[in-house]
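Structural features, examined
The chain contents come next:
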Amino acid sequence: MIDHLELATPDLAASTAFYCGALAPLGYTLHVEGKANGFGAEPTRLDFWLRPGEASSPRPHFAFFCATRPLVDASYRAALQAGGTDNGAPKLRVDISPTYYAAFVRDPDGHNVEFVCQT
């Protein structure tokens, strides 16, 4: 099981603003702000971090769990409104699995962010 993910970004403020908006539908908020910024659905469980530096390379692909398909839709819309770019609108991805419903956006640094519901 993955405990946390950390991304490097050349513009910490811009990436922080993006993820504050993009992750809001998932209940994630910014809990730690400083040399690195930590997000989580709970203040005691920070599992997503941003730190200043060269953008992570090669650009990773990572997915945020969504309990429902409407939550995938809401997260995708929030990410676009927060400045992300479309990399695959929400839809059923039967090439992966019959129940794999996902959407993809690129964050300000080009990281491939996925929102997925597998039920």
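Before any of the text, the structure's been laid out above.
Read on for a plain summary of the structure. (Residues numbered from 1 in each chain as written. Predicted model: local features only at pLDDT ≥ 70, side-chain atom pairs only at ≥ 80, totals over all residues. Heavy atoms only, no water.)

Our next topic: the sheet that holds strand β6 (residues 85–92). Taken together, four strands build an open sheet; the order of strands is β5-β8-β7-β6 and the sheet is mixed. Strands at the two margins of the open sheet, each flanked by one partner only, are β5 (61–65) and β6. Here the average twist between neighbouring strands, direction ignored, is 15°. The pairing of β5 with strand β8 (residues 112–117) spans five bridges and is parallel. From the neighbouring strand, Ala63 faces β8, where its bridge partner is Glu114. Packed on one face of the sheet, helix α2 (residues 69–81) meets β6, β7 (101–106) and β8 and runs near 10° to β7. (Pairing = 2+ DSSP bridges. Helix = DSSP H or I, 4+ residues; strand = E, 2+ residues; numbered from the N terminus. Axes fitted to C-alpha atoms, helices over the stretch in contact; angles between N-to-C directions. Contact = heavy atoms within 4.5 Å.)

Now for the side chain of Glu114. Topologically, Glu114 is positioned in strand β8. Put simply, Glu114 is tucked away with no salt bridge, and the nearest opposite charge, on Arg93, sits 6.6 Å away. Only 2.6 Å separates the side chain of Glu114 from the side chain of Tyr100, close enough to count as a polar contact. The residues touching Glu114, leaving out its near neighbours within four places in the chain, are His61, Phe62, Ala63, Phe64, Tyr100, Ala102, Ala103 and Phe104. (Buried < 20%, exposed > 50% of the residue type's maximum accessible area, 1.4 Å probe, protein only. Lys, Arg positive; Asp, Glu negative; His and termini not counted. Salt bridge = Lys/Arg side-chain N within 4 Å of Asp/Glu carboxyl O. Polar contact = N/O pair within 3.5 Å; in protein donor to acceptor, adjacent residues only side chain to side chain.)

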